[in-house]
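# Structure assessment
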Amino acid sequence: MKFLVTGSAGLIGSQVTKDLTLENHKVYSCYHDNKPIHGNPLYFDLTNQNKIIRTIQEIKPDSIIHLAAMTNVDQCETQQKLAYLINTKSTEILAKQAAKLDAFFVYVSTDYIFDGRRGKYSEDDSTNPLGYYGKSKFKAEEALNKLASSWCIARTSTPFGIHLNKTSFPIWIKENLEAKKEIPVLVDQFTSPTYVPNLSKMLIEIAKRQISGILHTAGSSRISRYELAKLVSEKLHLDKKLLKPTQINEMTWNAQRPRDSSLDVSKATEILNEKPQTIQYSLNLLIDEILKK
Ligand SMILES: NC(=O)c1ccc[n+]([C@@H]2O[C@H](COP(=O)([O-])OP(=O)(O)OC[C@H]3O[C@@H](n4cnc5c(N)ncnc54)[C@H](OP(=O)(O)O)[C@@H]3O)[C@@H](O)[C@H]2O)c1
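Residues numbered from 1 in each chain as written. Predicted model: local features only at pLDDT ≥ 70, side-chain atom pairs only at ≥ 80, totals over all residues.

## Quick word on the overall build of the protein
Across its full length, the protein carries 10 helices and 13 strands. Relative to the globule expectation of 19 Å for 293 residues, the C-alpha radius of gyration of the protein, 18 Å, shows essentially globular dimensions. Based on the C-alpha atoms only, the size of the protein along its principal axes is roughly 55 × 40 × 40 Å. A separation of at least 24 residues holds for 78% of the contacts in the protein among residues at least 6 apart in sequence. (Helix = DSSP H or I, 4+ residues; strand = E, 2+ residues; numbered from the N terminus. Rg over C-alpha atoms; globule rule 2.2 N^0.38 Å. Contact = placed C-beta atoms within 7 Å.)

What follows is the structure in structure tokens.
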């Protein structure tokens, strides 16, 4: 198959392009500032609408996995126009072009479209994003909902894994504890941490089987940042006394975050061959990966 992947050098995109290449697909890896390692690199600025249209028409992919986004939640709050262009408008344009070519469109969305008052959200639960990042991603979901053509909204939560220059949460914990630094860790923020290799396989399966609709593609465990940090420290035999329990209301963020944006993954567990993994299982795999390096 011919795939076009946006955000191909990002935390999730680098794994997706690697896995697709290993499966011998033709992969066009779109990037902005950082050139990807896997696939055919293709410079692509999501704020340039004409370039998006021309690129899709030239490549004519069978499937698009759209991962590129302005992911810095606080930056989205202060630069809302740019966040709208990158996160909402470009998704709408890409999806329309995909529909014209009859290409299957996988849009990776976020748990931050929920307000976090309840947690364990299912695909049918009502949304209420607290900050502009979540709003801009949800507006993109709404644009997709208006298109009749084949698409999947794959929502994920706190992706983590090994990346050349992106430090995901468990790696941040490891690095700080190894450096014997005391770090603040939230006791009252809960998510469904998702191991990137597990997510990548779920996204590729969705694209290949053309599973349409909304699907929660996240890890299967609901856990607080603090409990997750404790697990990492225990598994790596690091000093957990350096983890300083902290509350959300002590944080000085620009954007408000949901307290409990954990996702119910029963639908994905039922229909996908690649099942959402528990945090224990995923962390063991991450540690194996770290030890192999
Ligand atoms: N990280 C999370 O906590 C999280 C949680 C839930 C959902 N998600 C969603 O998952 C997706 C992937 O996230 P990630 O963690 O892999 O993000 P990431 O590592 O921050 O990667 C984002 C990618 O977007 C690209 N990008 C940004 N601005 C662009 C522009 N103007 N034109 C073209 N490309 C641009 C960047 O390209 P360059 O590097 O080349 O500049 C980067 O590769 C996003 O849609 C995000 O909303 C993330």
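Resuming the write-up.
## Some details on the environment of threonine 17
Within the fold, threonine 17 resides in helix α1 (residues 11–22). Assessed through the 31 C-beta atoms surrounding it within 10 Å, threonine 17 is described here as buried. Separated by 187 residues in sequence, threonine 17 and isoleucine 204 place their C-alpha atoms 9.7 Å apart. With sequence-adjacent residues up to four places away left out, threonine 17 is seen in contact with Val5, Ser8, Val27, Ser29, Pro36, His38 and Gly39. (Buried ≥ 20, exposed ≤ 12 C-beta atoms within 10 Å, placed from the backbone.)

## A few points about unusual backbone geometry
Phi angles above zero are rare outside glycine, and lysine 120 is one such case at about 50 degrees. Assignment of secondary structure puts lysine 120 in the loop between β5 (104–110) and α5 (132–145). Classification of lysine 120 by C-beta neighbours within 10 Å gives partly exposed; the count is 16. At threonine 158, a position not held by glycine, the phi torsion is positive, near 35 degrees. Mapped onto the secondary structure, threonine 158 falls in the loop between β6 (151–156) and β7 (159–160).

## A closer look at the site of the ligand
The environment of the ligand is made up of 29 residues, and the closest members are Gly7, Gly10, His32, Asp33 and Ala69. Among the secondary structure elements, those contributing two or more residues to the shell around the ligand are α1 and β5. Looking at the shell around the ligand, the element that brings in the most residues is α1, giving three residues. Residue composition of the shell around the ligand, grouped by class: 13 nonpolar, 11 polar and five charged. (Near = placed C-beta within 6 Å. Nonpolar A, V, L, I, M, F, W, Y, C, P; charged D, E, K, R; others polar.)

## Thoughts on the packing of helix α2 (residues 49–59) against helix α4 (residues 80–101)
Where α2 contacts α4, the axes come no closer than 10 Å and their chain directions differ by 25 degrees. The angle between α2 and α4 falls in the class roughly parallel. The handedness of the crossing between α2 and α4 comes out as right-handed. Contacts between α2 and α4 involve Gln49, Ile52, Ile53, Ile56 and Gln57 from the first element and Ser90, Ile93, Leu94, Gln97 and Leu101 from the second. The residue makeup of the contact of α2 with α4, split by class, is six nonpolar, four polar and no charged. (Axes fitted to C-alpha atoms, helices over the stretch in contact; angles between N-to-C directions. Parallel < 35°, antiparallel > 145°, perpendicular 65-115°, else oblique. Left-handed = near helix turned anticlockwise from the far one by under 90°.)

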